[in-house]
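Examination of the molecular architecture
Listed below are the residues making up each chain.
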Amino acid sequence: MNDLMDSVFVDHGLITAFALVGLLMIVSNLAADKLFAGRIHGSAIAIVVGLILAYAGGVASGGEDGIADIALFSGMGLLGGSMLRDFAIVATAFEVNVAEVRRSGLIGVIALGLGVVLPFVAGAACAVAFGYTDAVSITTIGAGALTYIVGPVTGTALGADSTVIALSVATGVMKSVSVMVITPLVAGPIGLRTPASAMAFGGLMGTTSGVAAGLAATDPKLVPYGAMTATFHTGLGCLLGPSVLFLAVRAIFG
């Protein structure tokens, strides 16, 4: 029986991972419809459940890669890795209408600028409030408030402590889940109905996964536009975090 399990599930880990994620999405979407009446998107529920499973898997296996440390779920390491993540993000751009992008280009640029500076300042202020005084730690946690990708990229470049990098990831994940949940609730009042507004929203929020899931629950047609500027937000944050933002923090805190 164990040999059969190995040959079917372990040896075809990526296929197993796709099947498990598909099953999780089915259950999450059903929960979103039946328990939350569509107010919370299935993607948000799936990510929260995924984080719980990752933690449980890490505790059970004693490893460092969460549920992927368990042989049966080893394919999750590849499915959730940077290669497929970046492929999925880039793929959203193929649904973008170039005319709409040109029409709202200035809005997107302004949103990107504000979307990088404001969350960073908020994250850095929280780091200081919790007792961090060195520029590296403050910058790393502030960068985590941009996205959970920018935080570790910045922290690694600056040589931050692993604990600080973990905090930056946690900050970004909390932001991502919050954006997923809140977006459908505030879409109406803030006028989130057009490609231009979706681009501005994506640039301000920055978290690609959070913006994509939130817009999917609002209007699936808006997802490519919000995801595109959110992706630019991540790239801009990775560029400015270890350089301009760090130098600014160092000038203030020494």
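Above this text is the structure in question.
This write-up is about the structure you can find in this document. Since the model is a prediction, treat every value here as computed from it, not as a measurement. Starting from 1, residues in each chain are numbered consecutively following that chain's sequence as written. Whole-chain, interface and lining totals are the exception, using all residues; otherwise, since this is a predicted model, local features are given only for residues with pLDDT of at least 70 and side-chain atom pairs are given and counted only at 80 or more. Computation of side-chain values covers all heavy atoms of the structure but excludes hydrogens and water.

The subject of this paragraph is the environment of Gly172. Note on conventions: DSSP H or I runs of at least 4 residues are helices, E runs of at least 2 residues are strands, and numbering of each starts at the N terminus. One can find Gly172 in helix α10 (residues 162–190). Each C-alpha atom of the pair Gly172 and Gly210 lies 9.9 Å from the other, and the pair is 38 residues apart in sequence.

Glancing now at the nonpolar core. Counting 18 residues, the largest nonpolar core has Phe120, Val136, Ile138, Leu146, Ala160, Phe246 and Val249 as its most contacted members. When contributions to this core are tallied by element, the ones reaching two or more residues are α7 (105–129), α8 (135–144), α9 (150–158), α10 and α13 (223–253). No other element matches α8, which puts five residues into this core. Of all hydrophobic cores here, the second largest spans 13 residues; its members include Ala187, Leu192, Phe201 and Met228. Buried residues of nine kinds, namely Ala, Val, Leu, Ile, Met, Phe, Trp, Tyr and Cys, make up a nonpolar core once their side-chain atoms join them within 4.5 Å. Categorising residues by exposure relies on relative accessible area from a 1.4 Å probe, with only protein chains included: less than 20% of the type maximum marks a residue as buried, more than 50% marks it as exposed, and the intermediate range marks it as partly exposed.

A word on the side chain of Ser28. Examined against the element boundaries, Ser28 turns out to sit in helix α2 (residues 13–34). Whether two residues are in contact is decided by their heavy atoms, any of which lying within 4.5 Å being enough. Not counting residues within four places of it along the chain, the set of residues in contact with Ser28 comprises Gly42, Ile45 and Ala46.

Our next topic: the side chain of Ser197. Here Ser197 shows up in helix α11 (residues 195–205). A polar atom in the side chain of Ser197 sits 3.2 Å from the backbone nitrogen of Arg193. Excluding its chain neighbours within four sequence positions, the residues that come into contact with Ser197 are Gly191 and Leu192. Counting of polar contacts relies on pairs of N or O atoms within 3.5 Å, with two restrictions inside protein: one atom must be capable of donating a hydrogen and the other of accepting it, and residues adjacent in sequence are counted only when both atoms are side-chain atoms.

So, about α9. Every buried residue of α9 is listed here: Val150, Gly151, Thr154, Gly155 and Leu158. Within α9, the buried residues cover an arc of 120 degrees as seen down the axis, which keeps them to one side. Facing away from the buried side of α9 by over 90 degrees, the exposed positions are Thr156 and Ala157. Backbone geometry just after α9 places Gly159 at a positive phi near 75 degrees. Along the arc lie the directions from the helix axis toward the C-beta atoms.

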